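Chain by chain, the residues run as shown.
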Amino acid sequence: MMVPKMKKPRILVGATSIVVFIIIWKLYSIESGVEELKEELEYQENINRFPLSLERNINPVTIYCVTPTYWRYVQKADLIQVLQTLTLASFKVNIKWILIEDSEEKTALVTNLLRRIDDAGDSRFGYVHLNAKTPQFQTLKAKDPRWKKHRGVEQRNAALKWIREHIKPHGSKKVIFFMDDDNTYDVKIFEEIMKVHKVGVWPVGLVGGLNLETPLLDPETGRVTSYKSGWKPDRPFAIDMAGFGINIDLILEKPEAVFSYRMERGYQESQFLAYFTTKEDLEPLADNCTKVYVWHTRTEKPNVKGTVPGFEV
């Protein structure tokens, strides 16, 4: 006679299901926790790799960025790019933007743009708004090539005058950087500028008919020996305006150091740097002048055939 199989009590089946569910849930939680931990570690690693995280890490150096600007249809677009670059840079270093308009009066366009800095209320990013009109005899005509006349002389000299009148020597380190409004800047360039002791130099991309211009170094001493330049590389300092930074203490020690219309065309940088240093004393930065963090990338002139009233473009 067969003995019938005894059925498991329903309560036992239910309890077993609950236990299995708890075990699976625990295993899933552990696995999820491991994944979250891995993601957090990867996130922290990426933050450490990225030079400008959103966490403030202010270096006591202040970089005075001198930007001449003039009206054209792309002026605001170019200035917005500079503004946003400097905003990022201010997470690592104190920024003072000296913006000088080539005009008889300060314009509403530039004033409104600078108001964004006021609205942010960040003491690490300040500005100075100046204006200085280029004399008529030095103003480029519509079809003139850019190299035909000196550009930015009045504006850069206005910035130098302001610096000499408002900044005291010594104290925390301050560096001047001539930052044109139509270039492209990697925020890493500001980390290099922070390292300037007296006069620092680095490569500039897309300039002089070459993919870059750069100081050339002696492999043994690490000193600058010559320059790779598409135009007159034998100049004492064949360096683009965006390719150097100067300690402001040197600017204050040399009040006669200014830009001039009397300088030979293309020699503004070379003759200005001669006030402060020699080729042998230049400080190669950007990984011994092997990295490019600034480029000449002029915005294309738009073909504007009409304007829409009521907009600031």
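This one's a predicted model, so the numbers in the text were calculated from it and none came from an experiment.

Enquirer: Please give an account of the environment of Val61 that cites residues and values.
Expert: Residue position: Val61 is located in strand 1 (residues 59–69). Contacts of Val61, omitting those with residues within four sequence positions, involve Val93, Asn94, Lys173, Val175 and Met194.

Enquirer: Got a sec to walk through unusual backbone geometry? Specific residues and values, please.
Expert: Located in the positive-phi region is His170, a residue other than glycine, with phi close to 65°. Note on placement: His170 falls in the loop between helix 4 (153–166) and strand 4 (174–178). His170 sits in the exposed class, given a relative accessible area of 53%. Non-glycine residue Cys289 carries a positive phi angle of around 60°. Looking at where Cys289 falls in the secondary structure, it is placed in helix 8 (residues 286–289). Judged by its relative accessible area of 9%, Cys289 is buried.

Enquirer: Just give me the short version of the packing of aromatic side chains, but keep the residues and values in it.
Expert: Evaluated as defined, the whole model comprises twelve aromatic pairs. For the pair Phe177 and Trp202, a centre-to-centre distance of 6.0 Å together with 65° between the ring planes defines the contact as edge-to-face. Remark: Trp202 occurs in the loop between strand 6 (199–201) and strand 7 (204–207) and Phe177 occurs in strand 4; sequence separation between them is 25 residues. Like Phe177, the residue Trp202 is buried in the burial classification. Members of the aromatic cluster, connected to one another through ring pairs, are Phe178, Phe244, Phe259, Phe272, Tyr275 and Phe276. It is Arg72 that lies over the ring of Tyr70; its NZ or CZ is 4.4 Å from the centre. Here Arg156 stacks its cationic end above the ring of Phe259, 6.0 Å away from the centre of that ring.

Enquirer: Explain the side chain of Thr69 to me, using residue names and the numbers behind them.
Expert: For Thr69, the position within the fold is in strand 1. Side-chain polar atoms of Thr69 contact the side chain of Asp181, separated by 2.8 Å. Ignoring anything within four residues of it in the chain, the contact list for Thr69 reads Gln75, Leu79, Leu99, Ile100, Glu101, Asp102 and Asp181.

Enquirer: Give a detailed account of the nonpolar core, specifying residues and quantitative values.
Expert: In terms of nonpolar packing, the biggest core is built from 36 residues, with Ile63, Leu86, Ile95, Trp97, Phe190 and Trp202 touching the most fellow members. Taken together, the elements giving at least two residues each to this core come down to strand 1, helix 2 (75–89), strand 2 (93–101), helix 3 (108–120), strand 4, helix 5 (188–193) and strand 7. Setting aside its immediate chain neighbours within four residues, Phe190 contacts Ile63, Cys65, Thr85, Leu86, Ala89, Val93, Ile95, Phe177 and Met179. Of all hydrophobic cores here, the second largest spans 35 residues; its members include Tyr64, Ile163, Val201 and Phe237.

Enquirer: Report on a nonpolar patch on the surface, specifying residues and quantitative values.
Expert: On the surface, Trp71, Tyr73 and Val304 cluster together into a nonpolar patch covering about 330 Å² of accessible area. For Val304, the position within the fold is in the segment after strand 12 (294–296). Judged by relative accessible area, Val304 falls into the partly exposed class, the value being 34%.

Enquirer: Any chance you could break down helix 3 for me, citing the residues and the numbers?
Expert: Between the first and last C-alpha of helix 3 there are 19 Å, a value that for 13 residues agrees with the 18 Å anticipated at 1.5 Å per step. All buried positions along helix 3 are accounted for by Leu109, Val110, Leu113, Leu114 and Ile117. Summarising the contacts, the buried residues of helix 3 are in contact with helix 2, strand 2 and strand 3 (125–131). Just downstream of helix 3 lies Gly121, where phi reads positive at about 60°.

Enquirer: Mind laying out the sheet that holds strand 1, listing which residues take part and the relevant values?
Expert: With mixed pairing, seven strands are arranged side by side in an open sheet as 3-2-1-4-10-6-11. The open sheet has two edge strands with one neighbour each: strand 3 and strand 11 (283–284). Bridging between strand 2 and strand 3 involves seven bridges; their strand directions are parallel. Looking across to strand 3, one finds that Ile95 is bridged to Phe125.

Enquirer: Quick one: what's the story with the environment of Asp281, residue by residue and with numbers?
Expert: If you trace the backbone, Asp281 turns up in the loop between helix 7 (268–273) and strand 11. The exposure class assigned to Asp281 is partly exposed, which follows from its relative accessible area of 47%. Between the C-alpha atom of Asp281 and that of Val224, which follows or precedes it by 57 residues, the distance is 7.9 Å. Excluding its chain neighbours within four sequence positions, the residues that come into contact with Asp281 are Val199 and Arg223.

What counts and what doesn't
- Residues numbered from 1 in each chain as written.
- Predicted model: local features only at pLDDT ≥ 70, side-chain atom pairs only at ≥ 80, totals over all residues.
- Heavy atoms only, no water.
- Helix = DSSP H or I, 4+ residues; strand = E, 2+ residues; numbered from the N terminus.
- Contact = heavy atoms within 4.5 Å.
- Buried < 20%, exposed > 50% of the residue type's maximum accessible area, 1.4 Å probe, protein only.
- Phe/Tyr/Trp six-rings, centres within 6.5 Å; stacked < 30°, edge-to-face > 60°.
- Lys NZ or Arg CZ within 6 Å of the ring centre and 35° of its normal.
- Polar contact = N/O pair within 3.5 Å; in protein donor to acceptor, adjacent residues only side chain to side chain.
- Core = buried A, V, L, I, M, F, W, Y, C linked by side-chain atoms within 4.5 Å.
- Patch = residues over 30% accessible without salt bridge, like charges linked within 9 Å, V, L, I, M, F, W, Y side chains within 5 Å.
- Areas by Shrake-Rupley, 256 points an atom, 1.4 Å probe, with all protein chains shown as cover.
- Salt bridge = Lys/Arg side-chain N within 4 Å of Asp/Glu carboxyl O.
- Expected span 1.5 Å × (residues − 1).
- Pairing = 2+ DSSP bridges.

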